[in-house]
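Summary of the model geometry
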Amino acid sequence: AVVSTQSTGDLDLAVLDCEDAVAVNRKAVARDTICSALQSLDFGRTERGVRTNSVSSGLLEDDLKSILLNSVKPDIVMIPKLDSVEEAQFLNSVISQCCSEPFPVIFQTESAIGLINLPEIIKSLLDSSHVVPVAIVFGSDDYVSDIRGSRDIDAVVYARQKVVTYSRAHNIQPIDRVYIEYKDLEGLKSESEKGFGFGFAGKQCIHPTQIPVIQSAFSPSNEQLEYARELIRSFEENQVAGKGAFTFRGKMIDRPTLLQAKNVVDMFNE
């Protein structure tokens, strides 16, 4: 395994991989490399994450014990293919053996059964003693393989909406699928903007050139920010005048529209 921090400067989270990017006979080497990287490399402002193998692989316990008992822990761990409450409980049990305090976890929904069980998985993790679920990643490639579908965006609309809905209902960040055509930045821009419109909080990336495109798509534009601030100001003025609904730039505005404007401002402030 090879680790470099040359491209982490503008990343929110860099994830070092023990799973799909590592051959089966190189898992132990990958763990050692990742532990050394956590100890020796400067990631700057970028949070450090590690993606383990899944519960069903039989490798998760070794991964977590190696990583979380390392002299330098990551900021977060990512757990792929979390498919059931039983797997969520096993995850909590292993983390409790490694950490005295609850630890931040991102988990991935990547199968039909994982999507069906998503509400119960979220509840199990929220009720657990040592897992803090901070984000849910939609893993579309394994998902479409599982349902025998295509990777076309129309084939995963239902799954993407469900991930967003259940994540947002529990104040967990939903993260959209990776865009594997890494040289197609226009396609990435279009899909990222659609993901932002779906309610996703961010998107996975696999190449440094994707970073600015994704960050731009998931940040409000100057025009959107100005519109939101003016709408909020107009709403407050109309409230003082005793008006509930009112007209703003040719549109009827009431409280739900105000909340949408506040979301834009909050995203900018974050």
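For the structure, check the block above.
The present account deals with the structure reproduced in this document. Note that this is a predicted model, so its numbers are computed, not measured. (Residues numbered from 1 in each chain as written. Predicted model: local features only at pLDDT ≥ 70, side-chain atom pairs only at ≥ 80, totals over all residues. Heavy atoms only, no water.)

So, on to helix 1 (residues 27-40). Compared with the 20 Å implied by 1.5 Å per residue over 14 residues, the 20 Å span of helix 1 between its first and last C-alpha is a close match. Listing the buried residues of helix 1 in full gives Lys27, Ala30, Arg31, Ile34, Cys35, Ala37 and Leu38. Along helix 1, the residues classed as buried sweep out an arc of 160° about the axis, all on the same side. Of the residues in helix 1, the exposed ones pointing more than 90 degrees away from the buried face are Asp32 and Ser40. If you follow the buried residues of helix 1, they end up packed against strand 1 (13-17), strand 2 (47-51) and helix 2 (60-68). (Helix = DSSP H or I, 4+ residues; strand = E, 2+ residues; numbered from the N terminus. Expected span 1.5 Å × (residues − 1). Buried < 20%, exposed > 50% of the residue type's maximum accessible area, 1.4 Å probe, protein only. Arc of directions from axis to C-beta. Contact = heavy atoms within 4.5 Å.)

Turning to the sheet that holds strand 1, a few remarks are in order. Read across the sheet, seven strands follow the order 1-2-3-4-5-6-7 without closing on themselves; strand pairing throughout is parallel. Every interior strand has two partners, whereas the edge strands, strand 1 and strand 7 (202-203), have only one. The pairing of strand 6 (residues 173-176) with strand 7 spans two bridges and is classified as parallel. Note on strand 7: the bridge partner recorded for isoleucine 175 is glycine 202. (Pairing = 2+ DSSP bridges.)

In this section: the packing of aromatic side chains. One pass over the full model with this rule turns up four aromatic pairs. In this structure, arginine 160 packs its charged tip against the face of phenylalanine 198, placed 4.6 Å from the ring centre. (Phe/Tyr/Trp six-rings, centres within 6.5 Å; stacked < 30°, edge-to-face > 60°. Lys NZ or Arg CZ within 6 Å of the ring centre and 35° of its normal.)

This paragraph deals with the packing of helix 2 against helix 3 (residues 85-98). Their axes nearest at 9 Å, the elements helix 2 and helix 3 cross at an angle of 30°. Overall, the two elements helix 2 and helix 3 adopt an arrangement that is roughly parallel. The crossing of helix 2 and helix 3 is right-handed. The residues of helix 3 that touch helix 2, namely those facing Leu60, Glu61, Leu64, Lys65 and Leu68, are Phe90, Leu91, Val94, Ile95, Gln97 and Cys98. Tallied by class, residues from the contact of helix 2 with helix 3 come to eight nonpolar, one polar and two charged. (Axes fitted to C-alpha atoms, helices over the stretch in contact; angles between N-to-C directions. Parallel < 35°, antiparallel > 145°, perpendicular 65-115°, else oblique. Left-handed = near helix turned anticlockwise from the far one by under 90°. Nonpolar A, V, L, I, M, F, W, Y, C, P; charged D, E, K, R; others polar.)

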